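Okay, here's what each chain looks like letter by letter:
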Amino acid sequence: MRIIFMGTPFFAVPALEAIKNSEHEICFVVSQPDSPKDRGKKIKAAPVKEKALEMGLTVLQPENIKTDRIFFGKLEKSCPDIIVVAAYGKILPKEIIRMPKHGCVNIHASLLPRFRGAAPIQRAILAGDRYTGITIMCMEEGLDTGDILSSAETEIDRKTSGQLHDELAVLGAELLMKTIKSIEKGEIVRKPQNDSLSTYAPMINKKEGKIDFSKGPSEIERLIRAFDPRPGAYTFYKGEMLKIWKAEAFEQEDCGGKKPGTVISISEKGIGIAAGKGLILIREMQMPGRKKMAVKDFLRGNSIEIMTVLG
């Protein structure tokens, strides 16, 4: 089949590679315009663009897909059988959605209709879900509301959002190729979503990463995993931001009635902090301008006092 691929971040790269290594033809790749990245704010190409150029593919980067008629004309002229979208970053207008013979399909990182929206991986961890996964869906004008074509699940366990992201990127590529094959054979069955079961996964805000130690230990531990690697969960120690990267939850641990956020134990195994109805044991942390480090390494050159209250 003739395929137009639309994607921007690393999540979309495995799917692009899978299509390129198949019998299908990629007409061209569409990615978001280059933008400033990292602290230096240097203009940098997105991972999908870099990979596409490495593969010798043509890349288009329209500033506005709704108003760019030259871009739209190139889409029409290419006569795609299908458009594959993976974290492109913009909602497609109906003119593009309706253009291909087999429509537009999207790789979404949740088990729809749960967690429609921009941050399904982080929200699944925060909610304490046992499973998440990939859904290949037909695109329509609504936000992740189209019919489901296929899905595959994976257990969240104690994975960080970064680990889940990479796992789901690969799972999405595998499921996409199976789905395209079924579409090509005319064997695909479309399943409408049950809107009454839908939930929304709004974009992550850095302010959400501030740890509220009055919450239960497990909820705090999930926050830490959900915000790893970005933007990071944090608290404050002597007025400085302290990022927490790894921790272990101990529900119902007796903290002697200490105020949530109080440091009640310090050892090479970790720093014990009183939380709501239990204890959270910090195992890896990061001070401003420093690298991440295990607590035992932190304690070699730094000190933190028992009864200090973080927050």
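Up top is the structure.
Residues numbered from 1 in each chain as written. Predicted model: local features only at pLDDT ≥ 70, side-chain atom pairs only at ≥ 80, totals over all residues. Heavy atoms only, no water.

A. Structural detail: the side chain of D129. Along the polypeptide, D129 turns up in the loop between α5 (120-126) and β8 (131-138). For D129, a relative accessible area of 18% puts it in the buried group. In contact with D129, not counting residues within four places along its chain, are R114, F115, A124 and I156. (Helix = DSSP H or I, 4+ residues; strand = E, 2+ residues; numbered from the N terminus. Buried < 20%, exposed > 50% of the residue type's maximum accessible area, 1.4 Å probe, protein only. Contact = heavy atoms within 4.5 Å.)

B. Representation of the environment of I121 within the structure. By secondary structure assignment, the location of I121 is in helix α5. Between the C-alpha atoms of I121 and S218, which are 97 residues apart in sequence, the distance is 17 Å. The residues touching I121, leaving out its near neighbours within four places in the chain, are A109, S161, L164, H165 and L168.

C. Summary view of the pattern of salt bridges. All chains considered together, the criterion is met by 15 salt bridges. Between R130 and E155 there is a salt bridge whose closest N-O contact spans 3.3 Å. On the criterion of sequence distance, the pair formed by R130 in the loop between α5 and β8 and E155 in strand β9 (residues 148-155) is long-range, its members being 25 residues apart. Exposure remark for R130: the relative accessible area of 55% places this residue in the exposed category. We note a salt bridge from R158 to E221, for which the minimum N-O separation is 3.4 Å. Separated by 63 residues along the polypeptide, R158 in the loop between β9 and α6 (161-185) and E221 in helix α7 (residues 217-226) bring together distant segments of the chain. For R158, a relative accessible area of 48% translates into the label partly exposed. A cluster of three or more residues bridged by salt bridges with shared partners is formed by E17, K51 and E54. (Salt bridge = Lys/Arg side-chain N within 4 Å of Asp/Glu carboxyl O.)

D. Representation of a nonpolar patch on the surface. On the surface, I91, L143 and Y200 cluster together into a nonpolar patch covering about 310 Å² of accessible area. By the secondary structure assignment, I91 is in the loop between β6 (82-86) and α4 (94-97). (Patch = residues over 30% accessible without salt bridge, like charges linked within 9 Å, V, L, I, M, F, W, Y side chains within 5 Å. Areas by Shrake-Rupley, 256 points an atom, 1.4 Å probe, with all protein chains shown as cover.)

E. Molecular detail of the packing of helix α1 (residues 13-20) against α6. Interaxial distance between α1 and α6 falls to 7 Å at its minimum, and their mutual angle equals 35°. Considering only the axes of α1 and α6, their crossing is right-handed. In this structure, α1 uses P14, A15, A18 and I19 to contact α6, whose residues at the interface are A169, V170, A173, L176 and M177. Taken together, the residues that form the contact of α1 with α6 break down as nine nonpolar, no polar and no charged. (Axes fitted to C-alpha atoms, helices over the stretch in contact; angles between N-to-C directions. Left-handed = near helix turned anticlockwise from the far one by under 90°. Nonpolar A, V, L, I, M, F, W, Y, C, P; charged D, E, K, R; others polar.)

F. Structural context of the packing of aromatic side chains. Per the counting criterion, the structure on display carries one aromatic pair. For the ring pair Y234 and F236, a centre distance of 5.8 Å and an interplane angle of 85° mean the geometry is edge-to-face. Assessed through its relative accessible area of 11%, Y234 is described here as buried. Over the ring of F72 we find R69; its NZ or CZ atom is 4.6 Å from the centre of that ring. Against the face of W245 rests K292, its NZ or CZ located 4.0 Å from the ring centre. (Phe/Tyr/Trp six-rings, centres within 6.5 Å; stacked < 30°, edge-to-face > 60°. Lys NZ or Arg CZ within 6 Å of the ring centre and 35° of its normal.)

G. Quick look at the sheet that holds β8. Taken in spatial order, the seven strands of this open sheet run β5-β2-β1-β6-β7-β8-β9, and their pairing is mixed. The open sheet has two free edges, formed respectively by β5 (59-60) and β9, since each of these has just one partner strand. Of the strand pairs in this sheet, strand β2 (residues 25-30) and β5 are connected by two bridges, and their pairing is parallel. Paired with V30 across the strands is L60, a residue of β5. (Pairing = 2+ DSSP bridges.)

H. A look at empty space enclosed by the protein. All told, the structure shown has one cavity of 30 Å³ or more when counted by the stated rule. Its boundaries defined by the atoms lining it, the largest cavity holds a volume of some 30 Å³. Forming the boundary of the largest cavity are M285, Q286, M287, R290, M293, F298 and N302. For the lining of the largest cavity, a count of residues per class yields four nonpolar, two polar and one charged. (1 Å grid on protein atoms, 1.4 Å probe; cavity = no way out; pocket = protein on both sides within 12 Å on 5 of 7 lines; lining within 4 Å. Points joined across faces, edges and corners; volume = space filled by probe spheres on them.)

Function cannot be read off these values alone, since they describe shape.
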